Amino acid sequence: MPSVHGAISADGKPARIVENWQQGFGMAYYNDTESWPFVYRIRNGIALMGGLELTAA
């Protein structure tokens, strides 16, 4: 759940937090002995995966 740019500091007072929400997804390819994790970034509603442009329908 988002914190709405807020938090409590060590002294119990409100502390302003600058959040950096990013979008993306991850996949892992694997076989019996190895795995290859990949992280894909979503930017302006578009992700590139293996040269393919993915967008929401």
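Throughout what follows, the structure given in this document is the object of discussion. All residue numbers refer to position in the chain's written sequence, counted from 1. At least 70 in pLDDT is required for a residue's local features to be given in this predicted model, at least 80 for side-chain atom pairs to be given and counted, and no such filter applies to totals for whole chains, interfaces and linings, which use all residues. Processing note: side-chain calculations cover all non-hydrogen atoms of the structure and skip hydrogens and water entirely.

1. Some words on the packing of aromatic side chains
Describing an aromatic ring pair means giving the distance of the ring centres and the angle of the ring planes. Each Phe, Tyr or Trp ring, with Trp reduced to its six-membered ring, pairs with another whose centre is within 6.5 Å; inter-plane angles below 30 degrees give stacked pairs, above 60 give edge-to-face pairs, and intermediate values give tilted ones. Evaluated as defined, the whole model comprises three aromatic pairs. With a centroid separation of 5.2 Å and an interplanar angle of 25 degrees, the aromatic rings of Phe25 and Tyr40 are classed as stacked. Here Phe25, found in strand 3 (residues 23–30), pairs with Tyr40, found in strand 4 (residues 35–43); they are 15 residues apart in sequence, far enough to count as distant. The buried label applies to any residue whose accessible area, calculated with a 1.4 Å probe on protein chains only, is under 20% of its type's maximum; exposed applies above 50%, and partly exposed to all values in between. Look at Phe25 and you get partly exposed, because its relative accessible area is 27%. The class of Tyr40 is buried, set by a relative accessible area of 12%. An angle of 75 degrees between the planes, with centres 5.4 Å apart, marks the rings of Tyr29 and Phe38 as edge-to-face. Its relative accessible area of 37% is what places Phe38 among the partly exposed residues. Aromatic ring contacts, followed pair by pair, group Phe25, Tyr29, Phe38 and Tyr40 into a single cluster. Elements are defined by DSSP. Helices are runs of H or I of four residues or more, strands are runs of E of two residues or more, and each kind is numbered from the N terminus.

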